[in-house]
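# Remarks on the overall topology
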Amino acid sequence: PISLYLVPTPIGNLKDITIRAIEVLKSVDVILAEDTRTSGILLKHLDISKPLQSYHIFNEHKAAGNLVERMKRGEIFALVSDAGTPAISDPGFLLVRAVLASGLDVQCLPGPTAFVPALVNSGLPNDRFVFEGFLPHKKGRKTRIESLMEETRTIILYESTHRLMKTLEQLAEAFGPTRQGCVSRELTKLHEENVRGTLEELIEYYQTHPIKGEIVLVIAGKSEKQESRNQTT
Ligand code: SAM
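Here is what the cut-offs are and how they apply
Residues numbered from 1 in each chain as written. Predicted model: local features only at pLDDT ≥ 70, side-chain atom pairs only at ≥ 80, totals over all residues. UniProt positions renumbered as here; feature names shortened; annotations may be inferred. Helix = DSSP H or I, 4+ residues; strand = E, 2+ residues; numbered from the N terminus. Buried ≥ 20, exposed ≤ 12 C-beta atoms within 10 Å, placed from the backbone. Core = buried A, V, L, I, M, F, W, Y, C linked by C-beta atoms within 7 Å. Contact = placed C-beta atoms within 7 Å. Pairing = 2+ DSSP bridges.

Under an unreviewed UniProt entry, the protein has the name Ribosomal RNA small subunit methyltransferase I and belongs to Algoriphagus alkaliphilus. Annotation of the protein in UniProt includes, under Sequence similarities (unreviewed entry), the sentence "Belongs to the methyltransferase superfamily. RsmI family." Under the UniProt heading Catalytic activity (unreviewed entry), the entry covering the protein gives this text: "cytidine(1402) in 16S rRNA + S-adenosyl-L-methionine = 2'-O-methylcytidine(1402) in 16S rRNA + S-adenosyl-L-homocysteine + H(+)".

Listed below in structure tokens is the structure:
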């Protein structure tokens, strides 16, 4: 038996919820939500009324132990995040680990997540890729970018709008301005936009176009022929 279901929710378009996701949300005892207000709106839209309990990054450690105790007594939970697949750049990993460590079982349903459509839309090779989530904001940021300089697989990053320019500039500096990339903005939403080009072209584009909404950045890996700028100068 499953004690914890991880249930993906839409990343914009409310139609992107599976029939099974709805069934599971209706069947569990309690729904754990990163933000009970955000998830409350979705559940209302789906006509699901279930006890909602907050489960966010700030109480993850402490909450996991209590929740596992309740699961041992037979309660069945679903975890949802604000958008997309729980535990992907969202809270959930610690709970999954705690549940498995206690001998109980988890199941993640397939469903919306931002990086898959971004990767496929980019047109960059997707047979091998590396998902890096968010780059560290300050400490360790440079080291992380440097660690990707020799990466030959396509690289996927989550990014906030106000850091996009800085990130594009730092990546152009490290990888060279002619490296190909794609910025996917507002995926599944009314104003979805996928801008493809070299890092230099992307910087130029966003100097004259507003950067609004949510963003995934996909960057080509280093090709064997292509030398990084540091080697050519
Ligand atoms: N759990 C989510 C998933 O499965 O993709 C990711 C959550 S993370 C806190 C939020 C980030 O995901 C955003 O900053 C953005 O990089 C990306 N994201 C989420 N929704 C998006 C969308 N509709 N379009 C583009 N990027 C999105």
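## Regarding the environment of M165
With respect to the helices, strands and loops of the structure, M165 is situated in helix α7 (residues 161-175). Owing to 15 C-beta atoms within 10 Å, M165 belongs among the partly exposed residues under this scheme.

## Focus on the nonpolar core
Counting 26 residues, the largest nonpolar core has A118, I156, V216, L217, V218 and I219 as the members making the most contacts within it. Elements represented by at least two residues in this core include exactly α5 (115-122), β7 (154-159), α7, β8 (180-185), α8 (199-208) and β10 (215-219). In terms of residues, this core owes the most to one element, β10, which gives 5 residues. If sequence neighbours within four positions are ignored, V216 has contacts with A114, F115, A118, I156, Y158 and S184. L6, V7, I31 and A78 belong to the second-largest nonpolar core, a separate cluster that totals 23 residues.

## Here's the deal with the pairing of strand β1 (residues 2-6)
Of all 5 residues in β1, 4 are buried; the element is thus mostly enclosed. The sheet contact formed by β1 and strand β5 (residues 105-108) spans 4 bridges and is parallel. Its bridge partner being in β5, I2 is matched across the sheet by D105. Where β1 and strand β4 (residues 77-80) come together, 3 bridges link them in parallel fashion. Residue pairing in the sheet places L6 in a bridge with L79 of β4.

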